[in-house]
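Architecture and fold: a report
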Amino acid sequence: GAVVSQHPSWVICKSGTSVKIECRSLDFQATTMFWYRQFPKQSLMLMATSNEGSKATYEQGVEKDKFLINHASLTLSTLTVTSAHPEDSSFYICSARGGPNEQFFGPGTRLTVL
Amino acid sequence: QKEVEQDPGPLSVPEGAIVSLNCTYSNSAFQYFMWYRQYSRKGPELLMYTYSSGNKEDGRFTAQVDKSSKYISLFIRDSQPSDSATYLCAMSVSNDYKLSFGAGTTVTVRA
């Protein structure tokens, strides 16, 4: 149980385009999902907390207009990187809250912006 | 000072050795402590989850939490090459679902 999927697993896009990443909890409902970014050989940095049916809460320094988050259902949250630039290239990982202070992570999406 | 400090490694051990991983933290409000394993280009996988101080054992893995010293550890007994991965400690404040992660320690178990 507690499986979280992400789609796509990797994506390459041109600078200036937008990219949408999906995060799904497959066998449980998640009222709260989290989006992280991980640069090579660095730890996970929390970008935002996504709550079903309400606006996401962004961490300090994360541009909410650039990283659009939608949590439309109890099993799906999406992250859209708008007007992507090469510096947005990173490994994006979502997690879903499966219980008190437990988070289950997706496999990640590697974004490369050319 | 980072909120969570983790020994950077990398750590290389022979198969069968005990692997010892540690993290220290500065926020005394942390109540929940986790260890995640992350293989290259994959998402983290929850290994151990501990509430407050004490020890927890699961198979070859033992997690220890010493809140008085703000120090947590993970021990891997009889290490296997398949244990080669990056290990991340993470912790959160009670009723706060945000996780604060350590930087991760990369472990290689040599056959």
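Scroll up a little and you will see the structure.
A brief look at the structure comes next. As the structure is a prediction and not an experimental result, all values here were calculated from the model.

Quick look at the overall build of chain B
Looking only at helices and strands, chain B features 0 helices and 11 strands. For chain B, the succession of helices and strands along the chain, N to C, is β-β-β-β-β-β-β-β-β-β-β. The C-alpha radius of gyration of chain B comes to 13 Å, within 12% of the 13 Å expected for a compact globule of 111 residues. Looking at chain B as a whole, 44% of its 111 residues qualify as buried. In chain B, of all internal contacts separated by at least 6 residues, the share reaching a separation of at least 24 is 54%. Of the accessible surface of chain B, which amounts to about 5300 Å², a share of 46% is contributed by carbon and sulfur atoms.

Overview of the interface of chain B and chain A
At the junction of the two partners, chain B supplies 22 residues and chain A supplies 21 residues. Between chain B and chain A lies a buried interface of about 1600 Å² when both sides are counted; carbon and sulfur atoms form 55% of it. When the shortest N-O distance is used, the salt bridge between K98 of chain B and E59 of chain A registers 3.0 Å. The interface formed by chain B and chain A includes 5 residue pairs in polar contact (both at pLDDT 80 or more). Of all the secondary-structure elements, those providing two or more residues to the side of chain B that touches chain A are β4 (30–38), β5 (45–51) and β9 (85–93) of chain B. Among the elements that make up the side of chain B that touches chain A, the one with the highest residue count is β4 of chain B (4 residues). Across the side of chain B that touches chain A, the residue classes break down as 12 nonpolar, 6 polar and 4 charged.

Considering the pattern of salt bridges
Note that side chains of opposite charge can pair when their charged atoms are close. Residues and elements named next belong to chain B. Scanning the entire structure with this criterion turns up 6 salt bridges over all chains. Residue R37 is joined to E45 by a salt bridge in which the shortest nitrogen-to-oxygen separation is 3.1 Å. Between E57 and R77 there is a salt bridge; the shortest N-O distance is 3.4 Å. Taken together, the positions of E57 in strand β6 (residues 54–58) and R77 in the loop between β8 (71–76) and β9 put the pair 20 residues apart, joining distant regions of the chain. The exposure class of E57 is exposed, given its relative accessible area of 59%.

Details of the sheet that holds strand β3 (residues 19–25) of chain A
Either a parallel or an antiparallel arrangement is found when strands of a sheet pair, and the pairing is made through backbone hydrogen bonds. Residues and elements named next belong to chain A. One open sheet accounts for 4 strands, arranged β1-β3-β8-β7; its pairing is antiparallel. With one partner strand each, in any of the chains shown, β1 (4–7) and β7 (67–73) form the two edges of the open sheet. Across the sheet, the axes of successive neighbouring strands diverge by a mean angle of 15 degrees, strand direction being ignored. Note that β3 and strand β8 (residues 76–81) share 6 bridges and pair antiparallel. The partner of K20 across the bridge, within β8, is T80.

Focus on the side chain of D83 of chain B
All names here are of chain B. Along the chain, D83 falls in the loop between β8 and β9. Accessibility expressed as a relative area gives 2% for D83, which makes it buried. Not counting chain neighbours up to four residues away, the residues in contact with D83 comprise R37, R60, F61, I76, D78 and V109.

A word on the packing of aromatic side chains
The final tally for this structure, using the stated rule, is 11 aromatic pairs over all chains. A centroid spacing of 5.4 Å and a plane angle of 45 degrees characterise the contact between Y25 of chain B and F33 of chain B, whose relative ring orientation is tilted. Using a relative accessible area of 1% as the deciding quantity, one classes F33 of chain B as buried. Three or more aromatic residues joined by ring pairs make a cluster, and in this case those are Y36 and F105 of chain A together with Y36 and F101 of chain B.

What about the pairing of β5 of chain B?
All names here are of chain B. By the bridge criterion, 6 bridges tie β4 to β5 in an arrangement that is antiparallel. The partner of Y36 across the bridge, within β5, is L46. Linkage of β4 to β5, two consecutive antiparallel strands, is achieved through a turn of 6 residues, within which R41 is found at a positive phi near 65 degrees.

What to know about the state of the cysteines
Chemically, a disulfide is nothing more than a covalent bond linking the sulfur atoms of two cysteines. Residue and element names in this part refer to chain A. The full count for this structure, using the stated rule, is 2 disulfides over all chains. Between the sulfur atoms of C23 and its disulfide partner C94 the distance amounts to 2.0 Å. Measuring handedness by torsion sign, the sulfur bridge of C23 and C94 sits at about 80 degrees and is right-handed. In this pair, C23 is assigned in strand β3 and C94 in strand β9 (residues 90–99), connecting sequence segments 71 residues apart. For C23, a relative accessible area of 0% corresponds to the buried category. When its relative accessible area of 0% is taken as the criterion, C94 is described as buried.

Rules used throughout
Residues numbered from 1 in each chain as written. Chains lettered and ligands numbered in written order. Predicted model: local features only at pLDDT ≥ 70, side-chain atom pairs only at ≥ 80, totals over all residues. Heavy atoms only, no water. Helix = DSSP H or I, 4+ residues; strand = E, 2+ residues; numbered from the N terminus. Rg over C-alpha atoms; globule rule 2.2 N^0.38 Å. Buried < 20%, exposed > 50% of the residue type's maximum accessible area, 1.4 Å probe, protein only. Contact = heavy atoms within 4.5 Å. Areas by Shrake-Rupley, 256 points an atom, 1.4 Å probe, with all protein chains shown as cover. Buried area = accessible area lost by both parts, 1.4 Å probe. Salt bridge = Lys/Arg side-chain N within 4 Å of Asp/Glu carboxyl O. Polar contact = N/O pair within 3.5 Å; in protein donor to acceptor, adjacent residues only side chain to side chain. Nonpolar A, V, L, I, M, F, W, Y, C, P; charged D, E, K, R; others polar. Pairing = 2+ DSSP bridges. Axes fitted to C-alpha atoms, helices over the stretch in contact; angles between N-to-C directions. Phe/Tyr/Trp six-rings, centres within 6.5 Å; stacked < 30°, edge-to-face > 60°. Disulfide = S-S within 2.5 Å.

Keep in mind that these numbers describe shape and distance, not what the molecule does.
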